[in-house]
Amino acid sequence: MKTEPSGRRRDRSLVPLVTVTVAAMVFTILLIAVRLQWAPLESADHGAAADINSLIAGNATAVGVVKAITWLGSDGVLWTVIAAATIILAIRRQWRLAAYLLITGAGLLALDPILKSLVGRLRPVVAHPIAHGTGDSFPSGHSLGSIVCYGAVLLVFLPATDRGRRRPVFITVIAALVALIGISRILLGVHYLSDVVGAWALGITWLGITAFAFELTRSAAGQPVTAPVAEGLEPEARADLKPARPEPATGPGFGHYGRIAAGVLVAWVLIVGSIAGVGELVTKAGNGNVLGDRTIPHWFAARRTPGLTHWSEIFSTLGATQAILIVALATCVVFLAVTRRWRPVVFVATVMAGELGAFLVAAAVVHRPRPDVTQLDRHLPTSAYPSGHEAATCCLYVAIAILVIGHARGWWRWLFLAPAIAMPVLVALSRMYRGEHHPTDILGSLLFAALWLTATTVLIKPSADRPARSASSTGIIPNGPAVTHRPPALASAEPSARAGRPGPRRGAARR
């Protein structure tokens, strides 16, 4: 086997050290120059801010794209990524890597506000302001957060990628994402160029320091020193870092999955058509007054109190898009980490994407006005039928119950029926209490959820990959290759038989 010369290995090992040192020097120079308001830097920053901001000013499409990119660097998204990755690592028992992510993120929480308050630089003033940034300007919080968060995820999960194919793609995607988020802050006119460059330099420095500290823990544990940028922080954890096990070669082919997808699509079209038809019957043939559609909203409105209004807001928020998305993402992360199969993730994604599409189509077709009472949620962009909050809540929590009951073996799995029943009821009451929906809007959502969950469960079979019941009596069991139990004598004889040698004699077995 060809070995790399020791001199070349030393040179390669110095590259990260030199990179981190240069990054620290760049950040220090920029920090001093910004703090002293060095005239050449101030002039260049103001000119660049005005010129770059003018590139997208007045272009609604470009502004929308840039805002979407900058959203990927917001605190909510970054901490969701860190939390999801930490959950996966904790379930896979990679405690050191989970601690690394949390410590690296915690350092980011301290670095950004402290430096902003020390420097005290004001935001840019541009001719065409597009967005509004809060707080001081140096360094850019989005740029610093994105390079630390996504960079840490890269160092942790790099061993899960193939060195020849996926690894360069993974590195390129992370680098491009960090670069685009930083550039988006300048395009929106909320940061100077030096704010972004300084944040990148500080982020590289912090990642280098934390990676070096991680290497010290490996050295203390007697493990070999690695090259984090080339191999990741923990190359030995490659099997645990892979999101799922590869499908067996003898498994179903593309045609089988294509038939399932076609069946799901046909079922969705039929169900959406039925729900829209029911809505048309209620609003047109029923004159909008079926099952107390006019009296029940007034009954709720007449009994509003500050306490009930507060609780209705809580449960209405739990059924809103952001909360539903967070719970759905957490569900996918947990089941992917535990089962190591994509089927539960595909099931949840299909259920929620189908619900969203059905809600938008049915609302546009029926176009039912809200109840004629005072609505507590002002200026909602969609119509009343069906209730998107109710449909999303029912689909999500019932889907979670289906997955847990299908994969778990303990008695506690039946406890998940409680939120599957309680959450839709509470969200339905809160939406009618707040004057946003008629009773038939809620019933239409429940009908859709029942039909859609039945169709996706039958077609996708989210628990088809679960292990045999005898494998464990409690807990959600990770899926793995099937194990055939053989008598000990036969099992001990197999290796020698494969090697062409006779198995152990009966007398030897007794001894």
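None of these values were measured; they are calculated from a predicted model. (Residues numbered from 1 in each chain as written. Predicted model: local features only at pLDDT ≥ 70, side-chain atom pairs only at ≥ 80, totals over all residues. Heavy atoms only, no water.)

Caption draft 1: Focus on the pattern of salt bridges. One pass over the full model with this rule turns up twelve salt bridges. As a salt-bridge pair, Glu234 and Arg96 come within 2.9 Å of each other at their nearest N and O atoms. Here the residue Glu234 occupies a position in the loop between helix 9 (228-231) and helix 10 (238-241), and Arg96 occupies one in helix 5 (residues 95-119), the gap between them amounting to 138 residues. The class of Glu234 is buried, set by a relative accessible area of 6%. The residue Lys284 makes a salt bridge to Glu280 at a minimum N-O spacing of 3.5 Å. In this pair, Lys284 and Glu280 both sit in helix 11 (residues 254-285), four residues apart, roughly one turn of the helix. Because the salt bridges share partners, they merge into one network encompassing Glu42, Asp45, Arg121 and Asp195. (Salt bridge = Lys/Arg side-chain N within 4 Å of Asp/Glu carboxyl O. Helix = DSSP H or I, 4+ residues; strand = E, 2+ residues; numbered from the N terminus. Buried < 20%, exposed > 50% of the residue type's maximum accessible area, 1.4 Å probe, protein only.)

Caption draft 2: Here's a closer look at the environment of Trp414. Along the chain, the position of Trp414 falls in the loop between helix 16 (388-407) and helix 17 (417-433). Spatially, the C-alpha atoms of Trp414 and Val404 are 8.4 Å apart, while their sequence positions differ by ten residues.

Caption draft 3: Inspection of the packing of helix 16 against helix 18 (residues 439-460) at higher detail. Relative orientation of the contacting elements helix 16 and helix 18 amounts to 35°, with a least axis distance of 9 Å. The crossing of helix 16 and helix 18 is right-handed. Of the residues in helix 18, those touching helix 16 at Glu390, Ala391, Cys394, Cys395, Val398, Ala399 and Ile402 are Ile442, Ser445, Leu446, Phe448, Ala449, Trp452, Leu453 and Thr457. Residue classes in the contact of helix 16 with helix 18 are distributed as twelve nonpolar, two polar and one charged. (Axes fitted to C-alpha atoms, helices over the stretch in contact; angles between N-to-C directions. Left-handed = near helix turned anticlockwise from the far one by under 90°. Contact = heavy atoms within 4.5 Å. Nonpolar A, V, L, I, M, F, W, Y, C, P; charged D, E, K, R; others polar.)

Caption draft 4: Structural context of the environment of Phe335. Within the secondary structure layout, Phe335 lies in helix 14 (residues 321-339). With 247 residues separating them in the primary sequence, Phe335 and Ile88 have C-alpha atoms 9.3 Å apart.

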